[in-house]
Structures are given as structure tokens and as C-alpha cells.
Amino acid sequence: MPSPQSLFEKVWAAHAVKKLANGQTQLLIGTHLIHEVTSPQAFGMLRDLGLKVLMPHRTFATVDHIIPTNELVEPYKDSLAQAMMDEVRKNCAEFGITFFDRATGKQGIVHIVGPEQGITQPGTTIACGDSHTSTHGAFGAIAFGIGTSQVRDVLATQTMALGQLKVRRIEVNGKLPPGVYAKDVILHIIRQLGVNGGTGFAYEYAGSTFDGFTMEERMTVCNMSIEGGARVGYVNPDETTFTYLKGRPYSPTGAAWDAAVARWKSFASDPGCRYDDVVKINAADVAPSVTWGINPGQGITINENVPSPDTATSADDKAGIIEALAYMKLPAGKPIKGTKINVAFLGSCTNGRLSDFREVAKYIKGRKVAPGVRAIAVPGSQIVALQCEKEGIDKVLTAAGFEWRAAGCSMCLAMNPDKLIGEELCASSSNRNFKGRQGSTTGRTVLMSPVMVAAAAVTGTVADAREVFAVN
Amino acid sequence: MALAKIISVAGRAVNVPGNDIDTDRIIPARFMKCVTFDGLGEFLFFDVRKDTTTGKDTNHPLNDPRFKGATVLLSGANFGCGSSREHAPQAIQKYGFKAVIAESYAEIFFGNSTTLGMPCVTAVREDIAKIAAAVEKNSAIEVVIDLVKLEARFAGQSVKIAQRESARDALVNGRWDAIGELLDGVPAVKETAKKLPYLAA
Ligand code: SF4
């Protein structure tokens, strides 16, 4: 009997090509996803070196970061954005790469498109020039965010040089209380383990809470692994995974489907395999969470007070609190609940999926966005948008006072016209609250679950969705 | 591809203190609207170097004329966290830096920097503070990062530095950009791919 192995070890072993001189591994990357912001330079490097794309049939492109969500006709007003669009089109055509352009009806945020199309599959390796590639781990894939030189490496050789990671199993058990979501679970984990607690690790999420999660919930958690410093995060594939994948455009069919499922199952971590670390969390201890600071680890539950430098646990913690509060302009030691918001943003690769909008629609129906609050809802893909429109979710949101936009990253990083202005404070379902992240150098971001964003939108303040919407 | 063997880096240093300095801070997203990395250097730390209302220079260390031309960047823990954008190490390198000394790095940033031949070494906080103090006292001093002896020398002192062995090996042996070796492996890649049904064309 071979000794029991984790999914990470199995996938790694199946894709390891050879050891490199410096001790790293040349790892085969089965699926390469690209987008407009981090790929043009890589294609430039490829041309400079006179190289071709080794496996164009395993390379898939979309546009998400820069694409405007309120302007559908090209050329876009922003000529730089247009130039980037033209570039990705040109590169895909020249190298024979499948491109989910807007005209295909399949465009969207790269981490939403891959799963939606069935391209993201268990037991595979995935790379993309975007740190939230960890999202795809929800399917039991090992998915790496990479830099542009590595995008070049994967284009040219379908591999990259990588050192093996340690594996930390994060087990969450039990049922989440009402009004508590996958987003709260990952904010809880990052708060507990720190923003660099995952450095050098792959996170394996497990336990009965994850077993009961939908694929979309698993994706929300895996998505933010990187915010905890972990390069990859994954959930072992199970029936939920297979049911999700069945019938998707790139999923195997017929006899190949059965063979694939058998193979996928074989990648799941073996019982009794060794982990470098194990962390256990009780689902009952997770509560609706919001960030108060300038990194995703600076979070509290909605009924806690904003930390004060006096209660800091270390000199570093103290400096961090002082810097964050100065930027966020939040009073130390006071409740965060009741803080006035200016903008509500629903969307991103963390929480821009169908289930997110369905959940919001369920609660916001018949309610109104508070006067003076700018509220935008940005579906993560054209397919999400279409489904929402079929279900009338867009109407519910617009009736409440949200703007309903076209698919893209939008105000998650504000490379398109969707930006905060001045010191606006944004209740956001995205994943990063870094200084200036949402497009204004003094703009402020409070991360939370989509339903909490809805509660913030209707009250005009950071609020407890359980109270606002009488969730119990 | 013959690459330079990066055995040591020497130059003047500047301290940009703080922990968790993220890639959005290093290079704000709006400067990534470009199809090449050229010209990124001038936008390094842009939003903390310029006052947002007046547009004037702030008191950021990079604006201090004493540190003009510094090639070694000093910082705190978890440097380069956040996005995978290679624009961040590219901006640092294009600004003129040749190496970074910090307490620790985010994983992707570290890998990106190594691939660009820009060593990111670690040192303990007290030692970084010693270098920073020496530089503050006399900005003209040279800091030598020795990747063989794994020490940083400055103003007659020396402190221990560390670097992940795979990165150190790649730098000192001139194989920090893996593309050559990866290309050599392509026949083996094709063999491995044959064993993975999902890769069939
Ligand atoms: S939605 Fe935000 S985090 Fe996700 S890929 Fe787009 S910019 Fe990155």
C-alpha cells in the first residue's frame, strides 16, 4: 500500500516533469487562464524570444479587469483600455487561443468563467496571472496565481518552476448560524491566522461545513486564500463538485465522464494522510464579519468595536492599528456598526456569482437603497448576468436603487471607470481593502458578505444584516 | 541563455518602513493600463509619494534627496503582499533598485522578483534597523548584500541575511530566469502530458 497522500501531493506528483538545477520542480500546468492586464507583456516576451504557445488548446482568455461595465460599444472612451482589448484579441488570434470575448456571451471574470465553462476540473493544475486563481481550488485543482514572466513560461512550455508547498488542513465543522456566509468563514480564518499566516502553505479546507457548502461557497473561501498569504487553497472533490461540473461545455461526456469522475475521486486526500499543520474551527463561532482596516486580516464581527491602539497585542499590531485607523478615519474602540457608507458594491470574483445575487435579491426585495448611497451590482460574468435577468434579480436590484451593470471586475480594483471618489467609504463584497484599492487614493473599503452589503446599502451604514432583514 | 551570476549587490540604501506593504501600494492599479512594463519606475509608490490633494511630494523616503540613486530597498514584514502583478517588482527594478532587504515577503512577489534577477533577502528586524540607522546617519554609505556569505555589510558592520536556497542558487549560478531550463524540458513535458487525459488535444 502506498502511504496516504494529500490531494496536493497527488496532483503535484502527477504534474511534476523534472527537478530543476536549483532544486525547484518543473511543474506541468494543465490549464492556463489569461486576461488582458497581465498577459500582453508575456506575449511581448514570447515574441522577443521567437517562441510559440506550446498548448494553445489548454490556454483560455477573457477580459475582466479593464473592461467598462457601463459602456458596451467599442471603441471605449478610455483609449488605453481599448488598446489593451485590441492587444488581447490580437494575441489570441495570432497564437490560436480560445478567447471568451464579449461577443461570445461567455465573457466575465476569469475565476468565474473557468468554473462556469467546466474548464476548471479536479486533479488538475491551473495557473493565471492573477493572485485569486486560488479560487479554482474549490474543485480540487491546484491553482496558482503567477507573475507575467511565469505567464510567459507557461505559454512557452506549459510549465513553471516552483518549490513544493506545505499543506495546512483547515477544518470547519458544524452548521453556520443564520445570516453567516462563506465570506464570513474566510474573513474569520484570515483574522485568526493572519495575512501572512499562510506563507509557504497550500490550504486544504475541509470539515462538515465545507462538505455542506455549494461550489459557489467553496469558491468564495478558496478565492481569498491568497489574502491569508497561502498561494493555493483547495477543497477535496466530492459529489457536489461532480454535480456542478456535469453538462458544462468543457466537461467530459459519455464514457469519458465516468472515467473522469473515477479519476477525480482518486485525487482526494487519503484518510490518515500527513498534514504540516491542522487548524480546527467551529462554525458556530463564525459571525457576520467586516473589515475595519487596510488589509483583509483587520476584521471584526459586526457587533465588536473597532480595535484601539491601547489594546494592541504587540508593537507591530499597535503600529498597524494606528496606520489603519488614520487611513480609515474610524474612531478607536467604538462600534463599527452605524458607520456611514457612501457606496455599496456587489460583485467581484469573491462574491459576484448567481447565488450571491439570489441571496441579496431575497432580502432586498421591496427595500430601498438609502438616499445618498451609490449602489452598483456587477455580475461576475455574462452568464451570471443573463441568469439573473431571467430570474428577475436585476429588476429587484434596480427597483431597490442599485445600478445593474455588465460583467467585469469593476470596483474591485477600479481599473475601469467604476471608482470611489475622495474619501468615500464603500461596503464591498470584494476581497481587498488595501489603501487606494477601489480607485481613490483616499477611498475606504469595508469588506463583507453580499447580504451585509445589501444591509449597508438600505441603511446607509455598516449594519447587521440579521437585524436589518430579520434573519433568524 | 547566459544570465549574469548575481553573487552580490552593492549600493546605497533607503528605508521604506512598514509591514504588509501591498502591491497596490507599490504600483497602483491605474498604472497597469499598459501593454509593456516600460516607464513603470516613475509610478513606484506613487500614491504615497504624492499628496493626493495638492499633487506635491510627500515626505516619503523616496522623495528625500539624500536617498536619490539608492539601489537597495529596506522594508518590513510580508513585503509585496496582495496581487500577483509583476508590475510591482518591475516598478521597483525600473526605478533603479537592484535588491530588497525585508523581514519577510509574500510568496508570489518573492518569486516574481527572483525571476527578474532582483534578490529579495531577509534579515531580522533589529538588523534591518541597524542598516537603516547607518543609512540615516550617512546616506552615502554602501550596503553590500553578499549572497555567498549570506551577510550584509555596511559602515564597518555586518549582519546575517537569509534567502531561500532555491532562489539563492538560481541567482548565484545565473539561472534566475528559468525559461531556458524549462524549454530544455519540453520533450519531458510532452511525456508527462500524455499521462494526463484532460490534456489530450
Ligand atoms: S474581481 Fe477583483 S480580485 Fe477578482 S480578478 Fe477581478 S480585480 Fe482581481
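Definitions and cut-offs
Residues numbered from 1 in each chain as written. Chains lettered and ligands numbered in written order. Predicted model: local features only at pLDDT ≥ 70, side-chain atom pairs only at ≥ 80, totals over all residues. Heavy atoms only, no water. Helix = DSSP H or I, 4+ residues; strand = E, 2+ residues; numbered from the N terminus. Buried < 20%, exposed > 50% of the residue type's maximum accessible area, 1.4 Å probe, protein only. Areas by Shrake-Rupley, 256 points an atom, 1.4 Å probe, with all protein chains shown as cover. Lys, Arg positive; Asp, Glu negative; His and termini not counted. Charge placed at Lys NZ, Arg CZ, Asp CG, Glu CD. Axes fitted to C-alpha atoms, helices over the stretch in contact; angles between N-to-C directions. Left-handed = near helix turned anticlockwise from the far one by under 90°. Contact = heavy atoms within 4.5 Å. Nonpolar A, V, L, I, M, F, W, Y, C, P; charged D, E, K, R; others polar. Buried area = accessible area lost by both parts, 1.4 Å probe. Salt bridge = Lys/Arg side-chain N within 4 Å of Asp/Glu carboxyl O. Polar contact = N/O pair within 3.5 Å; in protein donor to acceptor, adjacent residues only side chain to side chain. Parallel < 35°, antiparallel > 145°, perpendicular 65-115°, else oblique. Core = buried A, V, L, I, M, F, W, Y, C linked by side-chain atoms within 4.5 Å. Domains from an automatic or database assignment. Near = heavy atom within 4 Å. Pairing = 2+ DSSP bridges.

**Student:** For this particular structure, what's the right way to read the overall build of chain A?
**Tutor:** The helix and strand tally for chain A stands at 17 helices and 19 strands. Principal-axis analysis of the C-alpha atoms places the extent of chain A at approximately 55 × 55 × 45 Å. The buried share of chain A, reckoned over its 472 residues, is 67%. Accessible surface computed for chain A: about 15200 Å², of which carbon and sulfur atoms make up 55%. Of the side chains in chain A, 47 bear a positive and 44 a negative charge, and the two mean positions are spaced by 1 Å.

**Student:** Looking at this model, I keep getting lost on the overall build of chain B. Mind explaining?
**Tutor:** Within chain B, the regular secondary structure consists of eight helices and eight strands. Its C-alpha atoms put chain B at 60 × 45 × 25 Å along the principal axes. Per-residue burial over chain B gives 57% buried out of 201 residues. Distance between charge centres in chain B, computed from 25 positive and 24 negative side chains, equals 2 Å.

**Student:** What am I meant to see in the packing of helix H13 (residues 354-364) of chain A against helix H16 (residues 450-459) of chain A here?
**Tutor:** For any two helices packed against each other, one specifies the crossing angle of their axes together with the interaxial distance. All names here are of chain A. Their axes nearest at 9 Å, the elements H13 and H16 cross at an angle of 35 degrees. Handedness of the crossing formed by H13 with H16: right-handed. Together, Asp356, Glu359, Val360, Tyr363 and Ile364 of H13 and Pro450, Val451, Ala454 and Val458 of H16 make up the contact between the two elements. The class makeup of the residues in the contact of H13 with H16 is seven nonpolar, no polar and two charged.

**Student:** Honestly, the interface of chain B and chain A in this entry has me stumped. Any pointers?
**Tutor:** When the parts of a complex come together, some accessible area is lost, and that lost area is often taken as the interface size. Taken together, the 56 residues of chain B in the interface contact 68 residues of chain A. Together chain B and chain A conceal approximately 5000 Å² of surface at their shared face, both sides included; 61% is due to carbon and sulfur atoms. For the chain B face of the interface with chain A, the top three residues by lost area are B:Lys33, B:Leu182 and B:Tyr198, together amounting to 16%. Scanning the region where chain B abuts chain A turns up five salt bridges. Viewed at the interface, chain A and chain B are joined by 22 residue pairs in polar contact (both at pLDDT 80 or more). For the side of chain B that touches chain A, the secondary-structure elements that each account for two or more residues are helix H1 (23-26), helix H4 (107-115), helix H6 (165-172), helix H7 (179-184) and helix H8 (186-194) of chain B. A per-element tally of the side of chain B that touches chain A places H8(B) first, with six residues. Of the residues belonging to the side of chain B that touches chain A, the class tally is 24 nonpolar, 14 polar and 18 charged.

**Student:** Teacher, can you tell me more about the packing of H13(A) against helix H14 (residues 382-390) of chain A here?
**Tutor:** Residues and elements named next belong to chain A. Axis separation between H13 and H14 bottoms out at 9 Å; the angle between their running directions is 30 degrees. One element, H13, and the other, H14, form an angle in the roughly parallel class. In this structure, H13 meets H14 at a crossing whose hand is right-handed. Judged by residue contacts, Leu354, Phe357 and Arg358 of H13 engage Val384, Gln387 and Cys388 from H14. Grouping the constituent residues of the contact of H13 with H14 by class yields four nonpolar, one polar and one charged.

**Student:** I'm lost on the nonpolar core in this one. Help?
**Tutor:** One recurring pattern in soluble globular proteins: nonpolar side chains tend to sit buried together. Counting 67 residues, the largest nonpolar core has A:Leu397, A:Phe402 and A:Phe469 as the members making the most contacts within it. In terms of residue count, H16(A) provides more of this core than any other element does, eight residues in total. No fewer than three residues from each of domain 1 (7-163 + 239-267) and domain 3 (289-468) of chain A sit in this core. Each residue touching A:Leu397, except ones within four places of it in the same chain, is listed here: A:Leu346, A:Phe357, A:Val360, A:Ile364, A:Ala377, A:Phe402 and A:Trp404. B:Ile27, B:Cys120, B:Ala134 and B:Leu147 belong to the second largest nonpolar core, which has 55 residues in total.

**Student:** Explain the site of the ligand to me, please; I cannot follow it from the model alone.
**Tutor:** All names here are of chain A. Near the ligand you find His65, Ile109, His111, Asp130, His132, Ser348, Cys349, Cys409, Cys412, Leu413, Asn431 and Arg437, and these make up its full shell. Its residues assigned to classes, the shell around the ligand comprises five nonpolar, five polar and two charged. The residues that make up the shell around the ligand include at least three from each of domain 1 (7-163 + 239-267) and domain 3 (289-468).

**Student:** How should I be thinking about the sheet that holds strand E4 (residues 99-102) of chain B in this particular structure?
**Tutor:** Strand pairs in the sheet, formed through backbone hydrogen bonds, run parallel or antiparallel to each other. Residue and element names in this part refer to chain B. Here four strands make up an open sheet; going across it, the order is E2-E3-E4-E5 and the pairing parallel. This sheet does not close on itself; its edge strands, each paired only once, are strand E2 (13-15) and strand E5 (120-122). Across the sheet, the mean angle from the axis of one strand to that of its neighbour is 20 degrees, orientation sign disregarded. Alignment of strand E3 (residues 72-74) against E4, held across three bridges, turns out to be parallel. When the sheet's bridge partners are listed, Leu74 is paired in E4 with Ile101.

**Student:** What is the right way to read the sheet that holds strand E3 (residues 31-34) of chain A from this model?
**Tutor:** All names here are of chain A. Spatial strand order, E5-E4-E3-E6-E7: five strands in an open sheet with parallel pairing. A strand with exactly one partner marks an edge of an open sheet, and here the two such strands are strand E5 (98-100) and strand E7 (142-145). Across the sheet, the axes of successive neighbouring strands diverge by a mean angle of 20 degrees, strand direction being ignored. Two elements, strand E4 (residues 59-62) and E5, share three bridges in a ladder whose sense is parallel. Bridge pairing in E5 links Phe60 to Thr98.

**Student:** Even after reading the chapter, I still don't get H16(A), so can you show me in this structure?
**Tutor:** Side chains three or four residues apart in an α-helix point the same way, a direct result of the helix having 3.6 residues per turn. Residues and elements named next belong to chain A. Burial within H16 is extensive, with nine of its ten residues counted as buried. Taken together, the buried positions of H16 are occupied by Pro450, Val451, Met452, Val453, Ala454, Ala455, Ala456, Ala457 and Val458. Contacts made by the buried residues of H16 are with strand E13 (289-291), strand E15 (343-346), helix H12 (348-351), H13, strand E18 (425-428) and helix H17 (465-468). Of the residues flanking the end of H16, it is Gly460, one or two places downstream, whose phi is positive at about 75 degrees.

**Student:** I'm lost on the side chain of A:Arg102 in this one. Help?
**Tutor:** Residues and elements named next belong to chain A. Structurally, the position occupied by Arg102 is in the loop between E5 and helix H4 (110-117). Buried within the structure, Arg102 lacks any salt-bridge partner; its nearest side chain of opposite charge belongs to Glu74, at an N-O separation of 6.0 Å. In this structure the side chain of Arg102 is engaged in a polar contact, spanning 3.1 Å, whose partner is the side chain of Tyr76. Ignoring any residue separated from it by four or fewer positions in sequence, one finds Arg102 in contact with Ile67, Pro68, Thr69, Glu71, Leu72, Tyr76, Gln107, Gln382, Ala406 and Ala407.

**Student:** When you look at unusual backbone geometry in this model, what are you seeing that I'm missing?
**Tutor:** Most of the time, phi is negative for any residue but glycine, and the peptide bond is trans. Residues and elements named next belong to chain A. Residue Pro75 is bonded to the preceding Glu74 through a cis peptide linkage, with omega at 0 degrees. Within the fold, Pro75 resides in the loop between E4 and helix H3 (79-95). Unusually for a residue other than glycine, Ser348 sits at a positive phi of about 90 degrees. Here Ser348 shows up in helix H12. Residue classification places Ser348 among the buried residues on the basis of a relative accessible area of 1%.

**Student:** Would you explain the side chain of A:Asn431 in this entry?
**Tutor:** All names here are of chain A. Position of Asn431 among the secondary structure elements: in the loop between E18 and strand E19 (444-447). A distance of 3.3 Å separates a polar atom in the side chain of Asn431 from a polar atom in the side chain of His132. Looking at Asn431, its side chain comes within polar contact range of the side chain of Thr350, at 3.0 Å. Look past the residues within four positions of Asn431 in its chain and what remains in contact with it is His132, Asn223, Met224, Glu227, Pro296, Cys349, Thr350, Cys412, Arg437 and Leu447.

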